[in-house]
Amino acid sequence: MKFLIRTTILAMMIQGFSVIVEARAWRSIVPLQSTRNDVERLLGPPPPPENHPFRGYVLHKGRSIYSLDEGEIYIVFAEQDSPSDLDCVSSISEGTVLWIGVSLKKGLKTSELGVDLKSFNKFDPSEPRGIGYDAFIDEQDGFMLRRFRGMVENLWYF
C-alpha cells in the first residue's frame, strides 16, 4: 500500500514539474531545448523578409521571423557564424532556440494569458518613463511581457 501511495505521489510530482517546464514554452517550442528543426516542423521554413521601409531585417541562419494570425514571431537560434551579442552561443548546439519574441497584433488582458504576476519583477521599460508602458519579468522561468496601458503587446520566452 505504501508503494502505491509513493508511486502515485511521485507520478503527480513528475506531472506537476512537466507542467511547470511547459508553462514557458510557446506552442511547444522551448528555448534552450527546441531546435530549428522543431520550429520548422511546426511553422515551416522561414519566409523571406517582407518589404518594410523601417525594418533592417536581413534573413540569416541565426533568426527567423514568422507572421501569424496572432502577430509577429521572432525566433533567435544559436549559430556560430551568425552575428550575435550573446557570449553563450559557442557553448550551445547550433540551431538551438535561444529566445522567442511575440509581438501581438491585438493586445490582451493579462488575465487572458493565465499569468500570475505576483512572482514577477515589475519595471518601466520606456524612455522617457511613465508614458503608459510597464513590463514584468520572471528570470527563473525565462518569461517576460510588456504592456501598454494595461494591455499586453509583447511576450518573450528565453
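Preceding this section is the structure that the text describes.
All of the points below concern the structure found in this document. (Residues numbered from 1 in each chain as written. Predicted model: local features only at pLDDT ≥ 70, side-chain atom pairs only at ≥ 80, totals over all residues. Heavy atoms only, no water.)

Details of the nonpolar core
Here is the rule we go by: Residues belong to a common nonpolar core when they are buried Ala, Val, Leu, Ile, Met, Phe, Trp, Tyr or Cys residues joined through side-chain atoms within 4.5 Å. Exposure is judged per residue with a 1.4 Å probe applied to protein chains only, and the accessible area is read against the type maximum: over 50% gives exposed, under 20% gives buried, and values in between give partly exposed. Whether two residues touch is decided by their heavy atoms; if any such pair falls within 4.5 Å, the residues are in contact.
Among the nonpolar cores identified, the biggest contains 22 residues, and W26, V39, I73, I75, I100 and V102 are the most heavily contacted of them. Setting aside residues up to four positions removed in sequence, I75 forms contacts with V39, L43, G62, R63, S64, Y66, V97, W99 and I100.

Looking at the environment of K106
Spelled out, the test is: Helix and strand labels come from DSSP, where a helix needs a run of H or I of at least four residues and a strand needs a run of E of at least two; each type is numbered from the N terminus.
Tracing the sequence through the fold places K106 in strand 3 (residues 97–109). Along the primary structure K106 and M151 are separated by 45 residues, whereas in three dimensions their C-alpha atoms are 9.0 Å apart.

Structural notes on the sheet that holds strand 6 (residues 143–148)
Spelled out, the test is: Any two strands with at least two DSSP bridges between them are considered paired. All axes here are fitted lines through C-alpha atoms, helices being fitted over the stretch that makes contact, and every angle between N-to-C directions spans 0 to 180 degrees.
Pairing within the open sheet is antiparallel, and its seven strands lie in the order 1-2-3-7-6-5-4. Two strands in the sheet have a free side with no partner beyond their single neighbour: strand 1 (63–68) and strand 4 (121–123). Put simply, the sheet's adjacent strands are angled 15° from each other on average, direction ignored. In this sheet, strand 6 lies alongside strand 5 (residues 133–138) in antiparallel orientation, the contact comprising six bridges.

Remarks on the pattern of salt bridges
To be explicit about the condition: Salt bridges are identified by distance alone: a Lys or Arg side-chain nitrogen within 4 Å of an Asp or Glu carboxyl oxygen.
This structure, assessed with the given rule, holds seven salt bridges. Residue D38 pairs with R41 through a salt bridge whose shortest N-O separation is 2.4 Å. Pair noted here: D38 and R41 are both in helix 2 (residues 36–43), with a separation of three residues, about one helical turn. Across the salt bridge formed by E153 and R146, the nearest N and O atoms sit 3.6 Å from each other. One connected set of salt bridges, linked through shared partners, spans K122, D134 and R147.

Overview of the side chain of T96
Mapped onto the fold, T96 is located in the loop between strand 2 (71–77) and strand 3. Among the residues examined, T96 registers a relative accessible area of 8% and is labelled buried.

A closer look at the pairing of strand 5
Judged by how many residues are buried, strand 5 sits mostly within the fold: five of six residues are covered. Where strand 4 meets strand 5, three bridges bridge the pair, whose relative direction is antiparallel. Within strand 5, the residue paired with N121 across the bridge is I137. Joining the antiparallel neighbours strand 5 and strand 6 is a turn of four residues, in which G142 adopts a positive phi near 65°.

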